[in-house]
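Structural description and commentary
Chain by chain, the residues run as shown.
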Amino acid sequence: MGNVDGDLFVAGGSVLVSGAVKADLFAGGGNINILTDVGDDVRVGGGTIVFEGKVGGDLFVGGGQVTIGGPGIAGDVIIGGGTVRIDAPIGGKLYLGGGTVYLNSEVTGDVQIEADKVTLGSSAIIDGNLTYKATTEMTKEAGANIKGKVTFNPRATKTPSANVLAALFPIFLLLLI
């Protein structure tokens, strides 16, 4: 695939985006691999999602298995997924709902997580506050650093709360646009 000077809308069973997108990217599919830079916002929904590029705006993702790597996201990130791993720096805030969450990068803003299990990797740096709701307290690997306030709220069950479902609903609406 070549470079796209405007917005890109793509869907399919397996989606591979490897050419730079100068504006917004909208992608939906079973397996989605985005291996390029996107000039503005990214909205992705699918089964397995791998993102390894730079985002000039915000990132919205809903998927079963979500992996975010690469140079980083300039804006805010909203993710809903079963298994979520983040290894890319985030220039804004992070809102995340998931089953198993592994955060291993810097986040400039505040972080809000609701998950069964939360792990901060050795490269995790949260410049703002961390508020999380989980079935157990987070695992914090050596080297992880939280500069703001940490608030933990135990989650009684593993079923998603109405708040998480309400937060994820707009993501799926955005994917339909």
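Here, every reference points to the structure presented above.
Residues numbered from 1 in each chain as written. Predicted model: local features only at pLDDT ≥ 70, side-chain atom pairs only at ≥ 80, totals over all residues. Heavy atoms only, no water.

1. Brief notes about the sheet that holds strand β14 (residues 145–146)
What counts here: We treat two strands as partners when DSSP finds at least two bridges between them. Numbering of helices and strands starts at the N terminus; helices are DSSP runs of H or I of at least 4 residues and strands are runs of E of at least 2.
Pairing is parallel across the open sheet formed by three strands, whose spatial order is β9-β11-β14. A single partner strand is all that each edge strand has here, and the edge strands are β9 (106–107) and β14. The sheet contact formed by strand β11 (residues 125–126) and β14 spans two bridges and is parallel. Bridge pairing links Ile-126 to Ile-146 in β14.

2. Looking at the pairing of strand β7 (residues 77–86)
For a regular strand, side-chain orientation follows a simple rule: the groups alternate between the two sheet faces. Two strands pair when backbone bridges link them, and strand β5 (residues 59–68) and β7 are joined in this way by nine bridges, in the parallel orientation. Each bridged residue has a counterpart across the sheet, and for Thr-67 the counterpart in β7 is Arg-85. For β7 and strand β8 (residues 94–103), the ladder comprises nine bridges, and the chain directions are parallel. Paired with Gly-80 across the two strands is Gly-97, which belongs to β8.

3. Details of the packing of aromatic side chains
Inclusion rule: Pairing of aromatic rings covers Phe, Tyr and Trp, the last counted by its six-membered ring, and requires centre-to-centre distances within 6.5 Å; plane angles under 30 degrees mean stacked, over 60 mean edge-to-face, and any other angle means tilted. Relative accessibility thresholds used throughout: buried, under 20% of the residue-type maximum; exposed, over 50%; partly exposed, between the two (1.4 Å probe, protein chains only).
According to the stated counting rule, one finds two aromatic pairs in the structure shown. Both rings, one in Phe-9 and one in Phe-26, keep their centres 4.4 Å apart while their planes meet at 0°; by these two values the pair is stacked. Of this pair, Phe-9 sits in strand β1 (residues 8–17) while Phe-26 sits in strand β2 (residues 25–34), and the two are 17 residues apart along the sequence. Residue class for Phe-26 comes out buried when judged on its relative accessible area of 10%.

4. Some points on the environment of Pro-154
Under the convention used in this document: Working rule for contacts: check all heavy atoms of both residues, and any pair within 4.5 Å makes them a contact.
Assignment of secondary structure puts Pro-154 in strand β15 (residues 150–154). Overall, Pro-154 belongs to the exposed group, its relative accessible area being 59%. Once the C-alpha coordinates of Pro-154 and Glu-137 are considered, the two residues, 17 residues apart in sequence, prove to be 7.6 Å apart. Every residue in contact with Pro-154, bar those within four places of it in the chain, is listed here: Lys-133 and Ala-134.

5. Topic: the pairing of β2
In this structure, β1 lies alongside β2, joined through nine bridges in parallel fashion. Each bridged residue has a counterpart across the sheet, and for Leu-8 the counterpart in β2 is Leu-25. Note: β2 against strand β3 (residues 42–51), nine bridges, orientation parallel. Along β3, the bridge assignment pairs Ile-32 with Ile-49.

6. As for the pattern of salt bridges
Between side chains of opposite charge, a pair can form as their charged atoms come close. Defined as follows: For this analysis, a salt bridge means a side-chain nitrogen from Lys or Arg found within 4 Å of a carboxyl oxygen belonging to Asp or Glu.
Applying the stated rule across the entire model yields six salt bridges. We note a salt bridge from Glu-114 to Arg-155, for which the minimum N-O separation is 3.5 Å. Of this pair, Glu-114 sits in strand β10 (residues 111–120) while Arg-155 sits in the loop between β15 and α1 (162–176); the two residues are 41 residues apart in sequence, bridging distant segments of the chain. For the pair shown, Glu-114 and Arg-155 are each scored as buried. Several salt bridges converge on common partners, so that one network encompasses Glu-114, Asp-116 and Arg-155.

7. Describing the side chain of Ser-105
Which entries qualify depends on this criterion: Counting of polar contacts relies on pairs of N or O atoms within 3.5 Å, with two restrictions inside protein: one atom must be capable of donating a hydrogen and the other of accepting it, and residues adjacent in sequence are counted only when both atoms are side-chain atoms.
Residue placement: Ser-105 occurs in the loop between β8 and β9. Its relative accessible area of 5% is what places Ser-105 among the buried residues. At 2.8 Å, the side chain of Ser-105 forms a polar contact with the backbone oxygen of Ala-88. Setting aside residues no more than four positions away along its own chain, Ser-105 makes contact with Ile-86, Asp-87, Ala-88, Pro-89, Ser-123, Ala-124 and Ile-125.

Remember that the coordinates give geometry; whether it matters functionally is a separate question.
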